[in-house]
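Coordinate inspection notes
For reference, the chains in residue letters:
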Amino acid sequence: MALRRLATLATSRRGIGIGLVLGVAVAVVVVVILGPRAGADIASAADASRQAAQPLWFVVALVALVIALVADAATLVVLVRHLGECTSVLGTAGVGFESYLAAGATSFGGLEVPFVMVRLKGVGVSVPKGGSIIMAKGLVHVTVLVLVAALALTPVGATVLTSLQRRILLGVIAFLCLLWLVGSVLLRGSLGLNRLPAPVRDRLTAFWETARLLRSRGWRLGLPLVALQIVYWVAMLSLVPLILLALGWRGDFKPLIVGQAVLQVLMPLSPLPGGAGVAELGYLGIIGRTVPRDLTVASLVIWRAYTWVLPMALGGFVLGARTLLRRRREVVGS
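All figures in this text were calculated on a predicted structure; none of them were measured in a lab.

Here we come to the packing of helix α4 (residues 56-82) against helix α7 (residues 127-149). The interhelical angle for the contact between α4 and α7, taken along N-to-C directions, is 130°, at an axis separation of 10 Å. Viewed along their axes, α4 and α7 adopt a mutual orientation that is oblique. Once α4 is placed against α7, the crossing between them reads as right-handed. Only I133, A136, K137 and H141 of α7 make contact with α4, whose side of the interface consists of D72, T75, L76, L79 and V80. When grouped by side-chain class, the residues that make up the contact of α4 with α7 number 5 nonpolar, 2 polar and 2 charged.

Written as structure tokens, this is what we have:
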């Protein structure tokens, strides 16, 4: 019942409204403070875009976004199918799309996990298995991202970050690695699962059992998971270059790609929905160092629309459509 209440809160009008207001307010404040010429910059970028007459790049960026979202939802489908509990491929994919609404409207994506667990239960996946699937998906998702972001610590991305930014990124990566290492040692060592509180122990036990099952599938599962996440990140990291191309910019793509990967690693640190605040601050500080000033704010606004607003809109549409269909079935059945 607690999970269901959290899931309902995640997609309630009140919850979404509060999340969006907070996120947008902080994002606007960051842009106004750090980009006092924001209005003029957006206007000049719009003029440059019209003069360049290449709006097709916006369409290409939209296609790339669709590819990314489909690949991410397909990752969830592959995981559920390999556990043998998937009763509906389309239903599972729908859960993946709906999760973008919960993730974009809540702090730290905090309500996304219970929301997805409850929705997966509707397609035949038990709550413990659903939690394990989410953790496994997140592990693959983050691992591929961190590997790309780590390029900023090599000569390939040496010009992308300042010395302080490299230290912050290195600290985040080291923290994630240490967290997994310490957790594995404690759980497999003298502490053991029996010393943990029952709710935590049950979830971790389910996770380790699922992890063993996933490992037993070998490359039959690992290869498609990694491939889908590579497709996801290639498509997502192409968005800023495509948006800038539409605005008439021409330049080196490597700093933009590595910079976006670094941003994606840092954004979950924001306590606000959609990584608000950290996303804008990071974009202006990282991407803004490699593109003309008059395009920075405009590309930031468009990038946030692509990576935050549009996925949430898709999630809301899918959730609304599925709710409407369910109600119609109930009316017909009665």
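Next, the rest of the story.
With 13 residues, helix α12 (residues 254-266) ought to run about 18 Å at 1.5 Å a step, and its terminal C-alpha atoms sit 19 Å apart, in line with that. Within α12, 11 of the 13 residues are buried, which leaves the element mostly enclosed by the surrounding structure.

This part takes up the packing of aromatic side chains. For the structure on display, the rule yields 4 aromatic pairs. Centre to centre, the rings of Y232 and W233 are 4.8 Å apart; their planes meet at 80°, and the pair counts as edge-to-face. Y232 gets classed as buried once you look at its relative accessible area, which sits at 11%. With relative accessibility at 3%, the residue W233 sits in the buried group.

Take the nonpolar core next. In terms of nonpolar packing, the biggest core is built from 71 residues, with L120, L239 and W303 touching the most fellow members. With 12 residues, the top contributor of residues to this core is α4. In this structure L120 touches L76, V80, T92, V95, V125 and G130, once residues within four positions along its chain are discounted. In terms of nonpolar packing, the next biggest core, distinct from the first, is built from 7 residues, L101, A105, L272 and A276 among them.

By secondary structure assignment, the location of W308 is in helix α14 (residues 293-333). The class for W308 is buried, based on a relative accessible area of 7%. Taking C-alpha positions, W308 is 6.3 Å from G274, a pair spaced 34 residues apart along the chain.

In this section: the confidence of the model for the protein chain. Scored by pLDDT, the protein chain has a mean of 74; 65% of the residues are at 70 or more. For the protein chain, helix α1 (residues 2-10) is the element with the lowest average pLDDT, namely 50, and helix α11 (residues 239-246) is the one with the highest, namely 92.

Across all of its chains, the model carries 4 salt bridges by this definition. The residue E98 makes a salt bridge to R119 at a minimum N-O spacing of 2.9 Å. Of the two residues, E98 sits in helix α5 (residues 89-105) while R119 sits in helix α6 (residues 112-121), which places them 21 residues apart along the sequence. Classification of R119 as buried rests on a relative accessible area of 18%. Of the charged contacts in the structure, one is a salt bridge between R322 and E98, with a shortest N-O distance of 2.3 Å. Here E98 lies in helix α5 and R322 lies in helix α14, a separation of 224 residues in the sequence. Since its relative accessible area comes to 23%, R322 is described here as partly exposed. Among the residues examined, E98 registers a relative accessible area of 0% and is labelled buried. Each member of the salt-bridge network shares a partner with another, and the members are E98, R119 and R322.

Conventions and cut-offs
- Residues numbered from 1 in each chain as written.
- Predicted model: local features only at pLDDT ≥ 70, side-chain atom pairs only at ≥ 80, totals over all residues.
- Heavy atoms only, no water.
- Axes fitted to C-alpha atoms, helices over the stretch in contact; angles between N-to-C directions.
- Helix = DSSP H or I, 4+ residues; strand = E, 2+ residues; numbered from the N terminus.
- Parallel < 35°, antiparallel > 145°, perpendicular 65-115°, else oblique.
- Left-handed = near helix turned anticlockwise from the far one by under 90°.
- Contact = heavy atoms within 4.5 Å.
- Nonpolar A, V, L, I, M, F, W, Y, C, P; charged D, E, K, R; others polar.
- Expected span 1.5 Å × (residues − 1).
- Buried < 20%, exposed > 50% of the residue type's maximum accessible area, 1.4 Å probe, protein only.
- Phe/Tyr/Trp six-rings, centres within 6.5 Å; stacked < 30°, edge-to-face > 60°.
- Core = buried A, V, L, I, M, F, W, Y, C linked by side-chain atoms within 4.5 Å.
- pLDDT = per-residue confidence, 0-100.
- Salt bridge = Lys/Arg side-chain N within 4 Å of Asp/Glu carboxyl O.

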